[in-house]
Amino acid sequence: MNILYEKAYAKLNISLDVTERRADGYHDMAMVMQTVSLADEVEIRFNDTGVVRAATNLSFVPGDERNLAVRAALCYLRAVGQEGQGLSIRLEKRVPVGAGMGGGSSDAAAVLRTLNRHYGALDAEKLEALSAEVGSDVPFCVRGGTAFATGRGEKLETLPDMPACAFVICKPGFSISTPELFRKLDQSSARCHPDSAGIVEALRAGDLPGICRRMYNVFEDIDDRRLRTVKEIKGRLLDFGALGSVMTGTGSAVFGVFRPGTLPDEAALEALRRDCGFCETAVCVGRLN
Ligand code: ATP
């Protein structure tokens, strides 16, 4: 039997800005994004059921068309004239769900890369254009590496790689609803913005402290009780020697950036794991497509 394997790498937001609320209800974003080594495992088996389904190790993640991996597969099969091809997709979820790490989007992207490797039907540009139909973060997850994302997140400019560094990623036990955070952001009058141009310049200069100093996520300033926990975790990561710390996406995951070889020791990581529920280390992953 033909089985295809791929990793679905998580993303982190080095910065996140919301620049405008558009007439169509979406928001214009400006984000420096980074692919990291924390990943779900994706396995695709071809079958003759005529149906595309996913199964995961997490009972609360749906296996039907609500699953972005299934939606991505159906979208790809339609685009290349292979409707009716049955697929069984197995997702071993390691990226926490509802963390702002693009877990679902990265599964979708892994499915798109894998099916395109199998059928060889689309060039990189067409695959990215198709992936935008599945979700705003999917084009970045398809491409990977370090990029500046604008529009709803689907317009990408590849940036120089992050200088060598390591991440500690923590996720507290709660998730924060994305629509709720956007609603609260729309209601708030004043807003600080990240220095995105400064981050891009620091990336070009290979200046890790310069990048870390400028990391900022506009959602962190919203008045929400849960964001206090996020701030506490950031404080702990900085105490452990992180050059900078920020929430990714709409949370609730928070990460710290460390120089290589300066990660907190195992006891410190274990303490973070005990208090937050989830704590893992990761490194940068370069361009994927
Ligand atoms: P983002 O960073 O894009 O905002 P997130 O990390 O906050 O995403 P996800 O982990 O992608 O959030 O999951 C959010 C919701 O999407 C969950 O409620 C889940 O049921 C649904 N979902 C759909 N497909 C998947 C998938 N393949 N993996 C995980 N969740 C999925």
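Residues numbered from 1 in each chain as written. Predicted model: local features only at pLDDT ≥ 70, side-chain atom pairs only at ≥ 80, totals over all residues. Heavy atoms only, no water.

**Q** In this structure, what is going on with the overall build of the protein chain? I would like to understand it.
**A** Counting its regular elements, the protein chain contains nine helices and eleven strands. Relative to its length of 289 residues, the protein chain is compact, with a C-alpha radius of gyration of 19 Å against a globular reference of 19 Å. Taking the principal axes of the C-alpha coordinates as reference, the protein chain spans close to 55 × 45 × 35 Å. The buried share of the protein chain, reckoned over its 289 residues, is 54%. Across the protein chain, contacts joining residues at least 24 apart in sequence account for 74% of those joining residues at least 6 apart. Accessible surface, the protein chain: about 12,500 Å² in total, of which carbon and sulfur atoms supply 48%. (Helix = DSSP H or I, 4+ residues; strand = E, 2+ residues; numbered from the N terminus. Rg over C-alpha atoms; globule rule 2.2 N^0.38 Å. Buried < 20%, exposed > 50% of the residue type's maximum accessible area, 1.4 Å probe, protein only. Contact = heavy atoms within 4.5 Å. Areas by Shrake-Rupley, 256 points an atom, 1.4 Å probe, with all protein chains shown as cover.)

**Q** What is the right way to read the sheet that holds strand β9 (residues 244-247) from this model?
**A** In sheet architecture, strand pairing relies on hydrogen bonds along the backbone and comes in two forms, parallel and antiparallel. Here four strands make up an open sheet; going across it, the order is β9-β10-β7-β11 and the pairing antiparallel. Each having just a single partner strand, β9 and β11 (278-283) make up the two edges of the open sheet. Here the strands of the sheet are splayed against their neighbours by 20° on average, with no regard to which way each runs. When strand β7 (residues 166-171) meets β11, the two strands line up antiparallel, connected through six bridges. Within the sheet, the bridge partner assigned to Val168 lies in β11 and is Thr281. Where helix α9 (residues 266-276) meets the sheet, it contacts β7 and β11, and its direction lies at approximately 130° from that of β11. (Pairing = 2+ DSSP bridges. Axes fitted to C-alpha atoms, helices over the stretch in contact; angles between N-to-C directions.)

**Q** Sorry, what's going on with the site of the ligand here?
**A** Among the 18 residues in the neighbourhood of the ligand, the closest are listed as Asn67, Lys93, Gly102, Gly104 and Asp107. For the ligand, an oxygen atom lies 3.1 Å from a polar atom in the backbone of Gly98. At 3.3 Å from an oxygen atom of the ligand is found a main-chain nitrogen or oxygen belonging to Met101. Burial of the ligand by the protein chains amounts to 75% of its free accessible area of 620 Å². Residues belonging to the shell around the ligand are distributed by class as follows: six nonpolar, seven polar and five charged. (Near = heavy atom within 4 Å. Polar contact = N/O pair within 3.5 Å; in protein donor to acceptor, adjacent residues only side chain to side chain. Nonpolar A, V, L, I, M, F, W, Y, C, P; charged D, E, K, R; others polar.)

**Q** How should the domain arrangement of the protein chain be read in this particular structure?
**A** It is common to report an interface's size as the accessible area lost on association of the parts. Segmenting the protein chain into domains produces domain 1 (3-158) and domain 2 (166-282). The distance between the C-alpha centroids of domain 1 and domain 2 comes to 23 Å. Opposite the 26 residues of domain 1 that make contact, domain 2 presents 32 residues. Both faces combined, the contact of domain 1 with domain 2 buries some 2,200 Å², and carbon together with sulfur accounts for 67% of it. (Domains from an automatic or database assignment. Buried area = accessible area lost by both parts, 1.4 Å probe.)

**Q** Help me understand the side chain of Arg113 in this model?
**A** Tracing the chain through its elements places Arg113 in helix α2 (residues 103-119). A polar atom in the side chain of Arg113 sits 3.2 Å from the backbone oxygen of Lys7. Of note is the side chain of Arg113, whose polar atom sits 3.3 Å from the backbone oxygen of Val142. Those residues in contact with Arg113 that lie beyond four places of it in its chain are Glu6, Lys7, Leu127, Cys141, Val142, Leu288 and Asn289.

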